[in-house]
Amino acid sequence: MNHRTVRLGPTLIIILFTVALLPALLASVVLLTRQHQIIAQSEQSQLERALTSMTREARFRSEMIGTQINQLSQDRVLHQALDNFLFSSHARLALAAFIKSNSLLTSAYLIDDKGLVVEYINGQASHLESSNLMPQLMAWGKTREAKQGKHLLLPVNDPVLVDDMEQNRSGGLALVAPIYRNHQRAGVMQTPSGFVMAILPWRQMAQLLEPYLKGSEYLVISQGENRLYEGAHQSANATNDTVPDKERVPSKMAHPLVIGWPQLEQEIPPTITLYSYSDDRVSELNKAQQLLTGSIVGMLLLV
């Protein structure tokens, strides 16, 4: 009996090999594409939750400070200190207790209706009196809003007042509440007899929010094109031994950071932007991605 040997040509072998591998290749592409989508969606979802938690925390703390500075402005000791310097030491104790109970605030001032600092804690009285904040405060004290018991927020760009002499990312807010001789009639068109001012540096707000960060993430607080605070971070072009420079460009997500409370005349809504690198929140998913890719490549090589 004669046996014929069937020999396949090179072209036919390539075709058969391709047909055999095609389903595996298609399945691999689908798996890898789906894995990339899962990683991207997970990263965006985690950034969204982190920013929501940060803005909620900032709003809660600002409302709490607003309530406390309103109560402080009604303290009888401050009223007495405005009229009699013998009570200034008691006013200082009240200001110190207020600052101690609020980690976001660094200094507080009791100011009379002539723009002179009567008492203060952790601040620079003479510097404040000569700063551009004082003319703004005196002008506001004559407005209808001040006579109705509204509060005021003023931007502070002076590194001395925010105690940020060693950094370039200086800035903050001055929180102001009017003081009336008869606080029980506050809001019924009274001219303020003085003011309580507290300084809130943006770096203090950032320190409150930074525990929500992971890995090498960092925050930027801005208003329009003006950056009020920028967290420390490595340059996107910094050399990295394991990750190419082009892969170190961070993704970012922004939310409004509302600073306000009921008595405030006008809220200040800066923007908080969270910059995150791909491994900061999805490192486990990235490891799974690499493992899946390696497994697929290994199986294709075995075939």
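Here the structure is shown first, and the text comes after it.
Rules used throughout
- Residues numbered from 1 in each chain as written.
- Predicted model: local features only at pLDDT ≥ 70, side-chain atom pairs only at ≥ 80, totals over all residues.
- Heavy atoms only, no water.
- Helix = DSSP H or I, 4+ residues; strand = E, 2+ residues; numbered from the N terminus.
- Contact = heavy atoms within 4.5 Å.
- Areas by Shrake-Rupley, 256 points an atom, 1.4 Å probe, with all protein chains shown as cover.
- Buried < 20%, exposed > 50% of the residue type's maximum accessible area, 1.4 Å probe, protein only.
- Pairing = 2+ DSSP bridges.
- Core = buried A, V, L, I, M, F, W, Y, C linked by side-chain atoms within 4.5 Å.
- Axes fitted to C-alpha atoms, helices over the stretch in contact; angles between N-to-C directions.
- Parallel < 35°, antiparallel > 145°, perpendicular 65-115°, else oblique.
- Left-handed = near helix turned anticlockwise from the far one by under 90°.
- Phe/Tyr/Trp six-rings, centres within 6.5 Å; stacked < 30°, edge-to-face > 60°.

Chemist: Is there a simple way to think about the overall build of the chain in this case?
Modeler: Secondary structure summary: the chain contains nine helices and nine strands in total. Nonlocal contacts in the chain, meaning residues at least 24 apart in sequence, comprise 64% of its contacts between residues at least 6 apart. When the accessible surface of the chain is totalled, it reaches about 17,200 Å², and 54% of it is carbon and sulfur.

Chemist: Hey, could you run me through the pairing of strand β4 (residues 172–179) in this one?
Modeler: Consecutive residues of a regular strand have side chains that alternate between opposite faces of the sheet. Of all the eight residues making up β4, eight are buried; the element is thus mostly covered by neighbouring parts of the structure. Residues G172, A174, V176 and P178 line one face of β4 and the alternating positions L173, L175, A177 and I179 line the opposite face, and both faces are buried. Bridging between strand β3 (residues 152–156) and β4 involves five bridges; their strand directions are antiparallel. Of the residues in β4, the one forming a bridge with P155 is L173.

Chemist: Explanation requested: the nonpolar core in the structure shown.
Modeler: Side chains that are nonpolar tend, in soluble globular proteins, to be buried together. Counting residues in hydrophobic clusters, the biggest one holds 47 residues, and the most contacted among them are L175, W202, M205 and L257. Top contributing element to this core by residue count: helix α1 (residues 10–73), with eight residues. Every residue in contact with M205, bar those within four places of it in the chain, is listed here: A58, L104, L200, I221, L257 and I259. Counting 21 residues, the second-largest nonpolar core is a separate cluster that includes L133, L137, V162 and M197.

Chemist: Would you mind going over the packing of helix α2 (residues 76–83) against helix α3 (residues 88–100) with me for this structure?
Modeler: At their nearest, the axes of α2 and α3 sit 8 Å apart, and the two run at 140° to each other. In terms of their interaxial angle, α2 and α3 are classed as oblique. Crossing of α2 against α3: the hand is left-handed. Touching V77, L78 and A81 of α2 are S88, H90, A91 and A94, all from α3.

Chemist: Just to check I follow, could you spell out helix α7 (residues 202–209) for this structure?
Modeler: Residues spaced three or four apart along an α-helix face the same direction, because each turn holds 3.6 residues. Among the eight residues in α7, seven count as buried, and that is most of the element. Restricting attention to buried positions, one finds in α7 the residues W202, R203, Q204, M205, A206, L208 and L209.

Chemist: So what exactly am I meant to see when it comes to the environment of A91 here?
Modeler: Here A91 shows up in helix α3. Classification of A91 as buried rests on a relative accessible area of 0%. Each C-alpha atom of the pair A91 and L110 lies 7.9 Å from the other, and the pair is 19 residues apart in sequence. In contact with A91, not counting residues within four places along its chain, are V77, L78, A81, L110 and E119.

Chemist: How do you make sense of the sheet that holds β3 when you look at a structure like this?
Modeler: What holds strands together in a sheet is hydrogen bonding between their backbones, with the strands either parallel or antiparallel. Strand order in the open sheet made by the five strands is β2-β1-β5-β4-β3, with antiparallel pairing throughout. Edge positions in the sheet fall to β2 (117–121) and β3, since each has one partner strand and no second. With strand direction ignored, the average angle separating the axes of adjacent strands in the sheet is 20°. Here four bridges tie strand β1 (residues 107–112) to β2, and the two strands are oriented antiparallel to one another. Its bridge partner being in β2, Y109 is matched across the sheet by Y120.

Chemist: Explain the sheet that holds strand β7 (residues 226–230) to me, please; I cannot follow it from the model alone.
Modeler: With respect to topology, four strands assemble into an open sheet ordered β7-β6-β9-β8, the strand pairing being antiparallel. Among the strands making up the open sheet, the edge pair consists of β7 and β8 (251–256). When the angles between neighbouring strand axes are averaged without regard to direction, this sheet yields 25°.

Chemist: How should I be thinking about unusual backbone geometry in this particular structure?
Modeler: Note: most residues except glycine have negative phi, and most peptide bonds are trans. The phi dihedral of N122 is positive, around 60°, even though this residue is not glycine. Summarising the element assignment, N122 is placed in the loop between β2 and α4 (125–129).

Chemist: Explain the packing of aromatic side chains here, please?
Modeler: Remark: the centre distance and the inter-plane angle together describe each pair of aromatic rings, the angle taken between the planes. Taken as a whole, this structure holds three aromatic pairs when the rule is applied. Plain terms: the ring middles of Y109 and Y120 are 6.1 Å apart, the flat faces sit at 20° to each other, and that makes the pair stacked. In this pair, Y109 is assigned in strand β1 and Y120 in strand β2, connecting sequence segments 11 residues apart. On the basis of an interplanar angle of 50° and a centroid distance of 6.4 Å, the ring pair of W140 and F195 is categorised as tilted. Here F195 lies in strand β5 (residues 194–201) and W140 lies in helix α5 (residues 133–140), a separation of 55 residues in the sequence. The pair W140 / F195 is uniform in exposure class, with both members buried.

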